[in-house]
Amino acid sequence: MGEDLAARVAAAMWADDAASAGLGMKLLAVGTGTARLEMTVRDDMVNGHGIAHGGFVFTLADSAFAFACNSRNQVTVAQACDIVFVTAARRGDVLVAEARERTVFGRNAIYDVTVCRGDEVVAEFRGRSRQLPGTVIQEDS
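Note that the structure is a prediction, hence the values are computed from the model and not measured.

Draft legend 1. Structural context of the pairing of strand S2 (residues 34-40). Here five bridges tie strand S1 (residues 26-31) to S2, and the two strands are oriented antiparallel to one another. Of the residues in S2, the one forming a bridge with Gly 31 is Thr 34. Linking S1 back to S2 in an antiparallel pair, the connection comprises two residues, with Gly 33 at a positive phi of about 75 degrees. When S2 meets strand S4 (residues 94-105), the two strands line up antiparallel, connected through seven bridges. Opposite Leu 37, over in S4, you have Ala 97 as the bridge partner.

Quick look at the structure:
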């Protein structure tokens, strides 16, 4: 039931997520408290140093975080996030962001997102979420 609900919530969110789709992201997997997204670094994502602009790496991680923290069908938003860039990503790199729930306390939770290029860690992101009233989809959907 949980995995099916997570998939239905993700499908509803993805349908309205012009930002992630516009950056060429692909939703690879979602589960209760987890999500995995992929993005290829395009020419228009490279900064003046010839490497992926950190904002795009952050956005990939943030999108994975969003799908993971909404997976239980409670409207959930970020209240704080930070990222550590471990190594540079480059034009043409395929990046995968994997989000996982660490702990839930009340209406708050903490998620970690690892962004990798193959087996190499590119960035580590930590997001803190807050549940708001309401659901993403109707319960009978």
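Still more to cover.
Draft legend 2. Inspection of helix H1 (residues 2-15) at higher detail. For H1, spanning 14 residues, the distance from its first C-alpha to its last is 20 Å, which sits close to the expected 20 Å at 1.5 Å a residue. Packed against the buried residues of H1 are S1 and helix H3 (54-69).

Draft legend 3. Highlighting the packing of aromatic side chains. The tally for this structure, following the rule as stated, stands at four aromatic pairs. With 5.9 Å between their ring centres and 40 degrees between their planes, Trp 14 and Phe 67 make a pair best called tilted. Here Trp 14, found in helix H1, pairs with Phe 67, found in helix H3; they are 53 residues apart in sequence, far enough to count as distant. One aromatic cluster is present, formed by Phe 58, Phe 65, Tyr 111 and Phe 125 through successive ring pairs.

Draft legend 4. Focus on the environment of Ala 89. By the secondary structure assignment, Ala 89 is in the loop between strand S3 (76-85) and S4. Remark: the alpha-carbon pair of Ala 89 and Ala 52, spanning 37 residues in sequence, is separated by 5.3 Å.

Draft legend 5. Structural view of the sheet that holds strand S6 (residues 120-131). On the basis of which strands lie adjacent, the open sheet formed by six strands has the order S1-S2-S4-S5-S6-S3 and antiparallel pairing. A strand with exactly one partner marks an edge of an open sheet, and here the two such strands are S1 and S3. Sheet twist, expressed as the mean angle between neighbouring strand axes with direction ignored, is 20 degrees. Here ten bridges tie strand S5 (residues 108-117) to S6, and the two strands are oriented antiparallel to one another. Bridging across to S6, Asn 108 finds its partner in Arg 130. Relative to the sheet, H1 contacts S1 and S2, its axis offset from that of S1 by approximately 150 degrees. Contacts between H3 and the sheet are confined to S1, S2, S3, S4, S5 and S6, with S2 contributing the most and set at about 150 degrees to the helix.

Criteria and cut-off values
By convention here, each chain's residues receive numbers from 1 onward along its written sequence. Predicted model: local features are reported for residues with pLDDT of at least 70 only, side-chain atom pairs are reported and counted for 80 or more only, and whole-chain, interface and lining totals are derived from all residues. Side-chain numbers here rest on the full set of heavy atoms in the structure, without hydrogens or water. Pairs of strands are assigned from DSSP output, requiring at least two bridges between the strands. In DSSP terms, a helix is any run of H or I states spanning at least four residues, a strand is any run of E spanning at least two, and both are numbered starting from the N terminus. In this scheme, a helix's expected span is set at 1.5 Å multiplied by one less than its residue total. Throughout, a residue-residue contact means that at least one pair of heavy atoms, one from each residue, lies within 4.5 Å. Here a Phe, Tyr or Trp ring, Trp counted by its six-membered ring, pairs with any other such ring whose centre lies within 6.5 Å, and the pair is stacked when the planes are under 30 degrees apart, edge-to-face when over 60, and tilted otherwise. Throughout, an axis means a line fitted to C-alpha atoms (over the contacting stretch in the case of helices), and angles, computed between N-to-C directions, take values from 0 to 180 degrees.

Function cannot be inferred from these measures alone, as they are strictly geometric.
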